[in-house]
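Structure assessment
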Amino acid sequence: MDKSTEPLIDVGLELTTGCNFRCVHCWQGEKAHPKTLKLNEIKIIVKRLAELGVASLRITGGEPMIHPNFWEIMDEATHGGLSIVLRTNGTLIDEVVAQRLHDYPIIFTELSVDGFTPQDHDGFRRKEGSLQKTFSALDLLIKNGVKTRVKTVLNKRNIGSMLDLGKLLTRDYTGIEM
């Protein structure tokens, strides 16, 4: 099949370059003036993706959950027949949010965990307490039946503890994908 005629199956949509972190590896949080797509722009994009037969939408950012119209965007994607992959740092997920996410056609939520210890993770994410908040989100998502994956950016600081992190996740979080 000619590449130009192959259907799109999965599309990533960066809602905003804004983020509540300033991660070492990322350029998004460093922007003094983050860019955010307007809701009407996103509606047009989602409608067009649905018309093209796209199966899944990867909702990303920066941190997508800080978008002022995050829930409306989730509704729009759902009504367009798109399944959702949500990439987030997880720190904005509480019990209410986890319950609400359960009601969407989420293939999986992907949380960033970049260290086995708060020193490693929080240092990499430049946000004190972020590892604890991410693990809390992981607990809440699993408890509420939201399929969840963990992703990690390997770096000099965390590479020695990845085996320990993997053991912790497989021991304490039944059914998690890594």
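Details of the structure are given in the entry above.
The sections below set out a description of the structure shown in this document.

Further remarks concern the sheet that holds strand E2 (residues 56-60). Read from one edge of the open sheet, 5 strands run E1-E2-E3-E4-E5, paired in parallel fashion. Each of the sheet's edge strands pairs with one partner strand only, and the pair in question is strand E1 (10-14) and strand E5 (148-151). Pairwise comparison of adjacent strand axes, ignoring direction, gives a mean angle of 20° for this sheet.

The next subject is the packing of aromatic side chains. All told, the structure shown has 2 aromatic pairs when counted by the stated rule. Aromatic pair phenylalanine 70 and tryptophan 71: ring centres 4.9 Å apart, planes at 75°, arrangement edge-to-face. Note on accessibility: phenylalanine 70 and tryptophan 71 belong to one class, buried. Chaining the aromatic ring pairs together yields one cluster made of Phe70, Trp71 and Tyr104. Against the face of tryptophan 71 rests arginine 100, its NZ or CZ located 4.1 Å from the ring centre. The side chain of arginine 149 reaches across the aromatic face of phenylalanine 108, ending 3.8 Å from its centre.

Procedures and definitions
Residues numbered from 1 in each chain as written. Predicted model: local features only at pLDDT ≥ 70, side-chain atom pairs only at ≥ 80, totals over all residues. Heavy atoms only, no water. Pairing = 2+ DSSP bridges. Helix = DSSP H or I, 4+ residues; strand = E, 2+ residues; numbered from the N terminus. Axes fitted to C-alpha atoms, helices over the stretch in contact; angles between N-to-C directions. Phe/Tyr/Trp six-rings, centres within 6.5 Å; stacked < 30°, edge-to-face > 60°. Buried < 20%, exposed > 50% of the residue type's maximum accessible area, 1.4 Å probe, protein only. Lys NZ or Arg CZ within 6 Å of the ring centre and 35° of its normal.

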